Amino acid sequence: MTDSKYFTTTKKGEIFELKSELNNDKKEKKKEAVKKVIASMTVGKDVSALFPDVVNCMQTDNLELKKLVYLYLMNYAKSQPDMAIMAVNTFVKDCEDPNPLIRALAVRTMGCIRVDKITEYLCEPLRKCLKDEDPYVRKTAAVCVAKLYDISSGLVEDQGFLDQLKELLSDSNPMVVANAVAALSEINESSPTGQPLVELNASTINKLLTALNECTEWGQVFILDSLSNYNPKDDREAQSICERITPRLAHANAAVVLSAVKVLMKMMEILAADTEFCAGLSKKLAPPLVTLLSSEPEVQYVALRNINLIVQKKPDILKHEMKVFFVKYNDPIYVKLEKLDIMIRLASQANIAQVLSELKEYATEVDVDFVRKAVRAIGRCAIKVEPSAERCVSTLLDLIQTKVNYVVQEAIVVIKDIFRKYPNKYESIISTLCENLDTLDEPEARASMVWIIGEYAERIDNADELLDSFLEGFADENAQVQLQLLTAVVKLFLKRPAHTQALVQHVLSLATQDSDNPDLRDRGFIYWRLLSTDPAAAKEVVLADKPLISEETDLLEPTLLDELICHISSLASVYHKPPTAFVEGRSAGIRKTLPAAKPGVEETVREATVIPSQESLIGDLLSMDIGSTIPQVPVAQPANNVDLLGGDLDILLTGPGPDLSGGVQPSTTGLLGDIFMSTAPVKFNPPKTCWLPADKGKGLELFGTFSRRAGQMAMELTITNKAMQAMNGFAIQFNKNSFGISPAQPMNVGNVPPGQSLEYRLLLNTSGPVQRMDPLNTLQVAMKNNVDVFYYACQIPMQILFTEDGTLDKRVFLTTWRDIPSANEVQYTLNDIKGTADMISSKMTQSNIFTIAKRNVEGQDMLYQSLKLTNNIWVLLELKLTPGATTATLSLKSRSVEVAPFVFQSYDSILKA
Amino acid sequence: MSSSAVYILDVKGKVLISRNYRGDIDLVVIEKFMPLLMEKEEEGLLTPILQTSDCTFAYIKTNNLYIVSTTKKNANIALVFVFLHKIVQVMTEYFKELEEESIRDNFVVIYELMDELLDFGYPQTTDSKILQEYITQEGHKLEIQPRIPVAVTNAVSWRSEGIKYRKNEVFLDVIESVNLLANANGNVLRSEIVGAIKMRVYLSGMPELRLGLNDKVLFESTGRGKSKSVELEDVKFHQCVRLSRFEIDRTISFIPPDGEFELMSYRLNTHVKPLIWIESVIERHAHSRVEYMIKAKSQFKRRSTANNVEIVIPVPHDADSPKFKTTIGSVKYAPEQNAITWTIKSFPGGKEFLMRAHFGLPSVECEDTEGKPPIQVKFEIPYFTTSGIQVRYLKIIEKSGYQALPWVRYITQNGDYQLRTN
């Protein structure tokens, strides 16, 4: 006998008949009737009219019947709120039933009835159930608090349910703990203020970690997800959490594994990346991630989307696992496409041969979307892994020979990118490309081909004919192709003006007179005017160097990436969008960020620090006031000159005058600086080095160094724009660093036209936030302009931190020298010493290293020197010089002896200058 | 924070049964599901997650049924999918086959199950053995009301107390599946072993079990580094195994569920010779015929034998008039799969067999391009593991002190075993 019979009544008076059956005295008949009602409900019939009759059946000792009635109530209570109240009494009574199954059932169902009047009556039973002796009831009640919060958050807060829920976190039963955690996380997430209502503290975390070992797989997920919202106070705590979570990576349930990965990824952010512990952790992450690829395809899909994030955040974890991402013939298409994406991210010189042979295989498959993506991937490999470019190009050529239309078109699009990345390298293949001209019917492929012809017009003998043939159908082309045609013809004309004048006039008239497209017309007019007024300028504009194309495409912006790492295994991690982008209203919750590294509480003298996550940089950059509110500092103000000349002469003697303007100086006119430089004794500043090469900065090239003039530190920058477009909107931000160095003024660089460079002097102070870096003198900088945000790190030469008041009294020097324990003494040998002790001493004074005393002991010159760093660290030195010798011994004593190597570097560079 | 509602739909998208857990999404959104799915399929952008302005659908497909979960929040989507598969597993264990008919036949129990599996979108008890103790298909004919099994909220949520067997026995099956991917040039691109230890436990009471394997990490830490051992790359355990204990000293200790379950799985990358190697020469004469010469080689020890070897060779879908010649086994053409299957019942180690096939091709060529499906091989080699893994002992301790016999069986079989062709 099966239940299907309940579905088979279609008489006209059905409702009426059911009504009478429901009111039958016989229990069996009643139950049959309720089943029929539920069956009708299941197939979507409206049986709400039977509400009072069904509710009448609620008071029964038959559990099956009771469950059915409850189910009915959940479905229809909302449409019949007034009648639903009839059920309250039974609910309240059931919450006190001797059978825990019924108590739990009652409290569970009551929470699902979203009718205000019922909710009022829920509080008392719920309070009792939260303290029930049976864990099954308690765990059900815990979830019910979250249900109640969803209906009426005020009620939950007023009635003290939050505290009761918090108490359940210490429950002896792990299932109760797990559900309480789930309920609390849910409540925290929907908190109206955006602030969590219940904060987790270290002792609760401990309880959760204990419960983690004992609760069901689902409970483990709830606990892990909640742990991922916790920020440990120091790296010790983070490490202990990691240790207790790592065993979860061996769980058979993929959701448990991914949630554990999420917590570990977050904790690793706090831990020092270069420790053995962190390295071990990274190693442990790879195998479980790989195993996720043997799970069900849907789970694989989620795993792959997450691996995509993890590979971007920590490329090392999976760098040896390329092969597991090879596509299988029977993988679903969504798995294939994701695998391909990850393969490109992992492609490197070491594995490129394998990757290419796979990609070539994929390019011959049937699924068009997959094939296209595979062809595109080959192009991306060429751009990413330079030594493989030639191989990629020949693979693409092979594919073009297959003559499969969409393969050819896709190949031409990517070859265009390869030409841009490696100009003048592969033009031998152009003839092969031209053979396929007629088969191209997609705008992107046509536009790419036209671009190639224009770019290499001087090498293609019949370029004019080819372009001319395109012009015949100019009006029918897609706008993208029209624009490319216009530019290509102009290029052709500039390169081979002899016979192409008619052609260029034709295309200009097509673009400016026959087209409705404003972009096309504008471009046409610009070319026209350029060509008619100044052909040389036109050449420079049209045939200028192209801006570089980046190696990695589709990289997520670092702040977003960090946020998504906090959301591993959730929908956000699959969409690669923050939850705010797809979750409505307050439940979108607080935006999560990765924690910044925190040093251990006691370990104040720790050498290693993690490179902090970049979001702090960007956050500051964004909040920084960039724009018109900054008053423009006039270039080379005359007032400054007066000040300078009328100022303290000592300053002039000890060093070049301080350039207080800090403004933009065109590089050709070093005016004031130059003048003073020549009169003042030479003070050493390290030469500029390349901090940001143009290919990393999307055309922005930065050379820089640091200087200190008359107590004013500055960052000296040469900003070069190697891109096609003008750069502006410059702003700069420093990461926390060991000496609190930060910009003293907003960066005030106006517009940098393409191909131009300018010098900029950014004044610095030491009032910024302090965080120990490794090496100590590392400075991480974020530079922003209208193109992007760039990050680079540079080393601060220690001498710019030597202050002007670094002279110690002789006696103080002596006592201090004695007081500093000998463990804090470091020796160093200086090479290539030239000149006498006096000459060296005066050279040193220029850099704020002051000689306190000089003695001659047994033919050797002893110089006692002192210096003070901007952060008030005193360094005492003894320099032993043997006349005529090229080496000298330097002994250093300081309470913060870790600065020693950098002071030695300064000595070396000052002496060599 | 997972499912707002769960639906089971038939292949046309009609709702067979559903349960609304959170009431934050109107149940009728499901009407958008099927049109959206078809639209995405058309565009070639089908993923198991579909987004609409109202909610997100996450679905799996099984036996022509769609199991769909909706959510409005940033749900833990990995949890949702694992859970959806779990629903299928539980219901299959309840009704043997989860299909349209069995759903109609058991809708009352399904409603009860759905109430117990998930609460407010949070998965609760999903162990079908335990569920069967208080949710049964028989209705509750007995007058005694069902009670919650202690196991539901116990730390040992997978086993009930008071189980009794006259004869206490444990069966261990060590099953290794070999995944292989080779390219058309005969190079092995990937070879990996996915092993599983499956158990059938017929033990009384609450037995404590400890399993000893020749695990390399364990051997090295206990100074037996020289003995033959296996390096397991990634191990996954059933929830009954104490993970923290394994992490500390590599001991596999657990209280098993009753009956059949998978205790653990492991994975290792190996560079062993492919157990069965296929060389294929395919000559296509366009518009007339295509000829296959397939050589199958067994590259394992002579004393082992592979059983039920099936070599599936794809052929063009417009091929006709098949002719075969082989020295061993039988060859069948399955036009519905566009493949021929060469079956060899018993394939001893160190042997080599040959098969030739000949097909006619129509003179008019078909428009659609065809992919190049790989050759697939199925086989089973008993009493043999590729990795060399061994069960050293299985200790069974129960307070009543009974003796129980463990039986161990080893078997190696094909996993994803694919050889690409030209």
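Treat the numbers as computed from the prediction; the structure is a model and nothing was measured.

Is there a simple way to explain the overall build of chain A in this structure?
When helices and strands are counted, chain A shows 39 helices and 14 strands. Here chain A, with 913 residues, has 57% of them falling under the buried criterion. Long-range contacts, defined as pairs at least 24 residues apart, comprise 67% of the intrachain contacts of chain A with a sequence gap of at least 6. For chain A, the accessible area works out to roughly 38,000 Å², and carbon and sulfur atoms hold 52% of it.

Help me out: how do you make sense of the interface of chain A and chain B in this one?
When the parts of a complex come together, some accessible area is lost, and that lost area is often used as the size of the interface. Listed by partner, the interface residues are 100 residues for chain A and 85 residues for chain B. Contact between chain A and chain B buries roughly 8,400 Å² in total, counting both sides, with carbon and sulfur atoms accounting for 56%. Where chain A touches chain B, the interface holds ten salt bridges. Our count for the contact surface shared by chain A and chain B stands at 38 residue pairs in polar contact (both at pLDDT 80 or more). Counting residues per element, the side of chain A that touches chain B draws most heavily on helix α9 (residues 135-151) of chain A, at eight residues. Tallied by class, residues from the side of chain A that touches chain B come to 53 nonpolar, 20 polar and 27 charged.

So what exactly am I meant to see when it comes to the sheet that holds strand β12 (residues 860-868) of chain A here?
Backbone hydrogen bonds hold the strands of a sheet together, and the pairing may be parallel or antiparallel. Residue and element names in this part refer to chain A. Overall, antiparallel pairing links the five strands, which are arranged β10-β14-β13-β12-β11 in an open sheet. Taken across any chain shown, the strands that pair with only one partner, and hence form the sheet edges, are β10 (825-830) and β11 (850-857). The average angle at which neighbouring strand axes cross in this sheet is 20 degrees, direction not considered. Note: β11 against β12, seven bridges, orientation antiparallel. Bridge assignment links R855 to a residue of β12, and that residue is M862. Running at roughly 95 degrees to strand β13 (residues 874-881), helix α37 (residues 810-819) makes contact with β10, β11, β12, β13 and β14 (888-894) of the sheet. Each of β10, β12, β13 and β14 is contacted by helix α39 (residues 900-912), which is oriented at about 25 degrees to β10, the strand it contacts most.

What is the right way to look at the confidence of the model for chain B in this model?
Low-pLDDT stretches of the model should not have their predicted coordinates read in fine detail. All names here are of chain B. Chain-level statistics for chain B give a pLDDT mean of 90 and a share of 96% at 70 or above. Looking across chain B, the model is least confident in helix α6 (residues 216-221), with a mean pLDDT of 85, and most confident in strand β5 (residues 65-71), with 96. Contacts of residues 139-143 to residues separated by more than four positions or lying in other chains number four contacts, the stretch itself having pLDDT below 50. Scored as a complex, the prediction yields pTM 0.73 and ipTM 0.88.

Help me out: how do you make sense of the environment of V371 of chain A in this one?
Residues and elements named next belong to chain A. Along the polypeptide, V371 turns up in helix α21 (residues 368-384). Accessibility expressed as a relative area gives 1% for V371, which makes it buried. When the C-alpha positions of V371 and E64 are compared, they lie 55 Å apart, and in sequence the two are 307 residues distant. Residues within four places of V371 in sequence aside, it is in contact with Y362, A363, E365, V366, Y406 and V407.

Help me understand the packing of helix α20 (residues 352-362) of chain A against helix α22 (residues 389-401) of chain A in this model?
Packed helices, taken two at a time, are described by the angle their axes make and the gap between the axes. Residue and element names in this part refer to chain A. It is the contact of α20 with α22, at a shortest axis distance of 11 Å, that shows an interaxial angle of 15 degrees. Accordingly, the angle class assigned to the pair α20 and α22 is roughly parallel. Crossing geometry of α20 relative to α22 is assigned as right-handed. Residues A353, L356 and K360 of α20 touch α22, and the partners they reach there are R391, C392, T395 and D398.

For this particular structure, what's the right way to read the pairing of strand β23 (residues 405-419) of chain B?
Working note: regular strand, side chains alternate between the two faces of the sheet. All names here are of chain B. Both strand β8 (residues 169-182) and β23 contribute to a ladder of 13 bridges, which runs parallel. By the bridge assignment for β23, L180 is matched with Y417. Bridge count for strand β21 (residues 375-382) against β23 is five bridges, and the pairing is antiparallel. Along β23, the bridge assignment pairs Q376 with Q418.

So what exactly am I meant to see when it comes to the side chain of E563 of chain A here?
Of note, E563 of chain A is situated in helix α31 (residues 558-565). For E563 of chain A, a relative accessible area of 5% translates into the label buried.

Is there a simple way to explain the sheet that holds strand β12 (residues 252-254) of chain B in this structure?
Residues and elements named next belong to chain B. Taken in spatial order, the three strands of this open sheet run β12-β10-β22, and their pairing is antiparallel. Because the sheet does not close on itself, it has two edges, and the strands there are β12 and β22 (391-397). Adjacent strand axes in the sheet meet at a mean angle of 15 degrees, parallel and antiparallel pairs treated alike. Alignment of strand β10 (residues 208-213) against β12, held across three bridges, turns out to be antiparallel. Note that in β12 the partner of L209 across the bridge is F254.

Procedures and definitions
Residues numbered from 1 in each chain as written. Chains lettered and ligands numbered in written order. Predicted model: local features only at pLDDT ≥ 70, side-chain atom pairs only at ≥ 80, totals over all residues. Heavy atoms only, no water. Helix = DSSP H or I, 4+ residues; strand = E, 2+ residues; numbered from the N terminus. Buried < 20%, exposed > 50% of the residue type's maximum accessible area, 1.4 Å probe, protein only. Contact = heavy atoms within 4.5 Å. Areas by Shrake-Rupley, 256 points an atom, 1.4 Å probe, with all protein chains shown as cover. Buried area = accessible area lost by both parts, 1.4 Å probe. Salt bridge = Lys/Arg side-chain N within 4 Å of Asp/Glu carboxyl O. Polar contact = N/O pair within 3.5 Å; in protein donor to acceptor, adjacent residues only side chain to side chain. Nonpolar A, V, L, I, M, F, W, Y, C, P; charged D, E, K, R; others polar. Pairing = 2+ DSSP bridges. Axes fitted to C-alpha atoms, helices over the stretch in contact; angles between N-to-C directions. pLDDT = per-residue confidence, 0-100. Parallel < 35°, antiparallel > 145°, perpendicular 65-115°, else oblique. Left-handed = near helix turned anticlockwise from the far one by under 90°.

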